[in-house]
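# Structural overview
Okay, here's what each chain looks like letter by letter:
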Amino acid sequence: DALLDEVTALVEWPVVYEGDFEEAFLAVPQECLILTMQLNQRYFAMADDAGKLTNRFLVVSNLATSDPKAIVAGNERVLTARLADAKFFFDEDRKTRLEARVKKLEGVTFHQKLGTMAQKQERMRKIAGFIAREMDQNEDVVRACDRAAALCKADLLTGIVGEFPELQGVMGGEYARHDGEPEPVARAIREQYLPKALEGELPQTLPGQVLALADRLDSIAAFFHVGMIPTGSEDPFALRRHATAIVRIMMDGDKRLDLSPVIDHARAAVREQGFKAAPDVEAQGKRRMTEFLFERVRHYARTLHELRDDVLEAVLRSVSTGTIDLIDLLLKMKALQAVTTRPEFDPLIVGFKRASRIVEKEQWDHKAVNPDLFKDPAEGELHRHVGNSRQDFNKQMAKGCYDKALEALVRLKPSIDTFFNGVMVNAEDAALRNNRLSLLKEVDDLFKSF
């Protein structure tokens with residue numbers, strides 16, 4: 001689409017001609033050939049019905065003629081020279097194994113405050129191994145993740161990536177396959193930069209997802225460590241895009257993973273390399289990283305799932321210092337929004353808040369509820385319903401069925417209403433008063449456990 005817009009602006013009298021090139025050039029990865037045609041020559045590459053590149057291309061001329069042979073031949077000649085350069089780089093690159101290039105990454109700067117690409121790759125390797133094990137994967141997957149992480153940045157030193165930086169990762173996967181690396185390793189190296197855009201293609205293999213997460217989490221942890229945190233519209237290192245990629249890989253890929261220890265691991269990997277930390281990074285670093293990710297979660301949930309801001313804030317505030325499972329957060333948000341649209345929700349919350357305020361305000365002897373002290377049938381009814389609801393509630397929470405867990409709370413509404421309508425909590429009898437306050441504490445604890 002971008003090329004079409006560009007070419008449209010370049011010509012006044014557009015005429016499309018078709019040319020071809022030698023089939024031998026198709027041995028070069030098609031992404032490289034397409035970029036050569038698009039970026040260098042403004043040609044449109046052509047694919048077959050299966051999406052595989054053919055040896056044909058389209059050129060838009062600014063001249064209509066009854067005999068376009070000379071125009072087509074000239075463009076074919078120019079393209080042949082370009083493709084020959086690409087094939088030369090490709091053939092030369094394959095003479096050196098990726099593994100042999102890794103040591104030279106020590107001479108490639110990642111950032112002046114954060115050392116070399118070799119150091120970044122080392123951190124990624126630690127993070128990727130940790131993520132793979134946290135996902136409870138078998139040792140074959142862990143080994144594939146480790147090997148991919150050990151080679152993932154080596155293609156930055158190849159000729160083709162030097163010519164076309166857009167092909168980093170893609171060429172690494174090609175060269176890994178040529179070197180005889182296992183297919184999961186080659187695919188992971190190829191997929192490490194996905195998604196490249198907000199709605200771009202996601203990594204499809206588990207090692208690819210692990211490597212992509214490790215790369216993004218390392219970049220965010222590293223730049224936050226030295227105090228280079230995005231502010232306003234300023235985001236020179238695309239950290240917001242990295243955070244969005246993490247959210248999409250986790251949520252669109254339905255990956256269950258507690259990111260809290262992973263963030264700790266990423267931050268530790270940066271600290272261990274001895275980079276100078278910004279002020280307050282030890283005290284506030286994890287909170288800032290977590291909130292930075294939550295900003296992307298808010299955007300994702302708001303735009304893709306049409307969830308309300310009050311629902312997002314209620315859920316995110318409750319977990320900001322605990323487990324960070326993005327799938328779990330989304331399930332809670334959806335369940336909470338669904339139950340708040342029900343007509344009995346607002347009256348239920350009124351009853352719960354009343355119970356909560358009384359419990360917070362009053363002082364009493366905290367003991368277990370004693371059914372023998374019940375004087376009003378409403379006390380026994382509420383106690384019985386809280387017990388039954390708690391069993392169902394806990395079972396549904398354990399399964400992650402948050403909508404059904406909230407249903408169990410909604411069913412308490414009639415009992416809570418009946419209790420407040422018919423029972424005097426602050427009775428003159430101290431034992432009676434303490435027992436009723438303990439009963440309300442049961443209600444309060446059950447609600448707050450969600």
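Residues numbered from 1 in each chain as written. Predicted model: local features only at pLDDT ≥ 70, side-chain atom pairs only at ≥ 80, totals over all residues. Heavy atoms only, no water.

### Some thoughts on the overall build of the protein chain
- The number of helices and strands found in the protein chain is 20 helices and five strands.
- Its C-alpha atoms give the protein chain a radius of gyration of 30 Å, more than 25% over the compact-globule value 22 Å for 450 residues.
- C-alpha atoms of the protein chain, sized along the principal axes, occupy 105 × 55 × 40 Å.
- Relative to its 450 residues, the protein chain shows a buried fraction of 49%.
- Pairs at least 24 residues apart make up 69% of the contacts formed inside the protein chain by residues separated by at least 6 positions.
- Just so you have it, the protein chain exposes about 22,400 Å², and 50% of that area is on carbon and sulfur atoms. (Helix = DSSP H or I, 4+ residues; strand = E, 2+ residues; numbered from the N terminus. Rg over C-alpha atoms; globule rule 2.2 N^0.38 Å. Buried < 20%, exposed > 50% of the residue type's maximum accessible area, 1.4 Å probe, protein only. Contact = heavy atoms within 4.5 Å. Areas by Shrake-Rupley, 256 points an atom, 1.4 Å probe, with all protein chains shown as cover.)

### A few points about the pairing of strand 2 (residues 44–47)
- As paired strands, strand 2 and strand 3 (residues 53–61) are joined by three bridges and run antiparallel to one another. For Ala47, the partnering residue across the bridge sits in strand 3 and is Leu53.
- Adjacent in sequence and paired antiparallel, strand 2 and strand 3 are bridged by five residues, among which Gly51 carries a positive phi angle near 85°. (Pairing = 2+ DSSP bridges.)

### Topic: the pattern of salt bridges
- In the structure shown here, the tally under the stated rule is 42 salt bridges.
- Arg177 is the partner of Glu174 in a salt bridge, and the nearest nitrogen-oxygen pair spans 4.0 Å. Of this pair, Glu174 and Arg177 both sit in helix 8 (residues 170–178), three residues apart, which is roughly one turn of that helix.
- Among the salt bridges present, the one from Arg256 reaches Asp325, with a minimum N-O distance of 2.9 Å. Here Asp325 lies in the loop between helix 14 (309–319) and helix 15 (326–340) and Arg256 lies in the loop between helix 11 (239–252) and helix 12 (259–272), a separation of 69 residues in the sequence.
- A relative accessible area of 46% means that Arg256 is categorised as partly exposed. (Salt bridge = Lys/Arg side-chain N within 4 Å of Asp/Glu carboxyl O.)

### Overview of the packing of aromatic side chains
- Evaluated as defined, the whole model comprises nine aromatic pairs.
- Between Tyr43 and Phe57 the ring centres are 4.8 Å apart and the planes differ by 20°, which places this aromatic pair in the stacked class. Taken together, the residues Tyr43 in the loop between helix 2 (30–41) and strand 2 and Phe57 in strand 3 connect sequence positions 14 residues apart. Here the two residues Tyr43 and Phe57 agree in accessibility, since each one is buried.
- Relative to Phe237, the ring of Phe223 lies with its centre 4.3 Å away and its plane at 15°, an arrangement referred to as stacked. One end of the pair, Phe223, is in helix 10 (residues 206–225); the other, Phe237, is in the loop between helix 10 and helix 11, with 14 residues separating them in the sequence.
- When its relative accessible area of 4% is taken as the criterion, Phe223 is described as buried.
- Note on Phe237: relative accessible area 28%, which makes it partly exposed. (Phe/Tyr/Trp six-rings, centres within 6.5 Å; stacked < 30°, edge-to-face > 60°.)

### Some remarks on helix 5 (residues 117–134)
- For helix 5, which comprises 18 residues, the first-to-last C-alpha distance of 25 Å matches the rise-based estimate of 26 Å (1.5 Å per residue) to within 8%.
- All of the buried residues in helix 5 are Met117, Ala118, Lys120, Gln121, Arg123, Met124, Ile127, Ala128, Gly129, Ile131 and Ala132.
- Among the structural elements, strand 4 (109–111), strand 5 (115–116), helix 6 (139–151), helix 10 and helix 12 are those in contact with the buried residues of helix 5.
- Of the residues trailing helix 5, Asp136 is marked for its positive phi of about 60°. (Expected span 1.5 Å × (residues − 1).)

### Looking at a positive patch on the surface
- Side chains of Lys353, Arg354, Arg357 and Lys361 sit close together on the surface and give a patch of like positive charge.
- Following the sequence through the fold, Arg357 ends up in helix 16 (residues 345–361).
- The exposed category is assigned to Arg357, whose relative accessible area is 53%. (Patch = residues over 30% accessible without salt bridge, like charges linked within 9 Å, V, L, I, M, F, W, Y side chains within 5 Å. Lys, Arg positive; Asp, Glu negative; His and termini not counted. Charge placed at Lys NZ, Arg CZ, Asp CG, Glu CD.)

### A word on the environment of Lys286
- Assignment of secondary structure puts Lys286 in helix 13 (residues 281–304).
- Taking the relative accessible area as the measure of exposure, Lys286 reaches 25% and is therefore partly exposed.
- Considered as a pair, Lys286 and Ser260 are 26 residues apart in the sequence and their alpha carbons are 8.7 Å apart.
- Contacts of Lys286, omitting those with residues within four sequence positions, involve Ser260, Ile263, Asp264 and Arg267.

### Topic: the pairing of strand 1 (residues 15–20)
- Residues Val15, Tyr17 and Gly19 point to one face of strand 1 and are all buried, whereas Val16, Glu18 and Asp20, pointing to the other face, are not buried.
- Both strand 1 and strand 3 contribute to a ladder of six bridges, which runs antiparallel. Residue pairing across strands places Asp20 opposite Arg56, the latter belonging to strand 3.

### Regarding the sheet that holds strand 3
- With antiparallel pairing, three strands are arranged side by side in an open sheet as 1-3-2. Every other strand in the sheet has two partners, leaving strand 1 and strand 2 as the edge strands with one partner each. Across the sheet, the axes of successive neighbouring strands diverge by a mean angle of 35°, strand direction being ignored.
- Contacts from helix 3 (residues 69–93) reach strand 1 and strand 3, with the element oriented near 55° to strand 1. (Axes fitted to C-alpha atoms, helices over the stretch in contact; angles between N-to-C directions.)

### Considering unusual backbone geometry
- For the peptide bond that leads from Leu194 to Pro195, omega is -5°, which places it in the cis range.
- If you trace the backbone, Pro195 turns up in the loop between helix 9 (183–191) and helix 10.
- For Asp280, which is not glycine, the phi torsion reads 70° and is therefore positive.
- Phi at Glu306 is positive, roughly 55°, even though this residue is not glycine.

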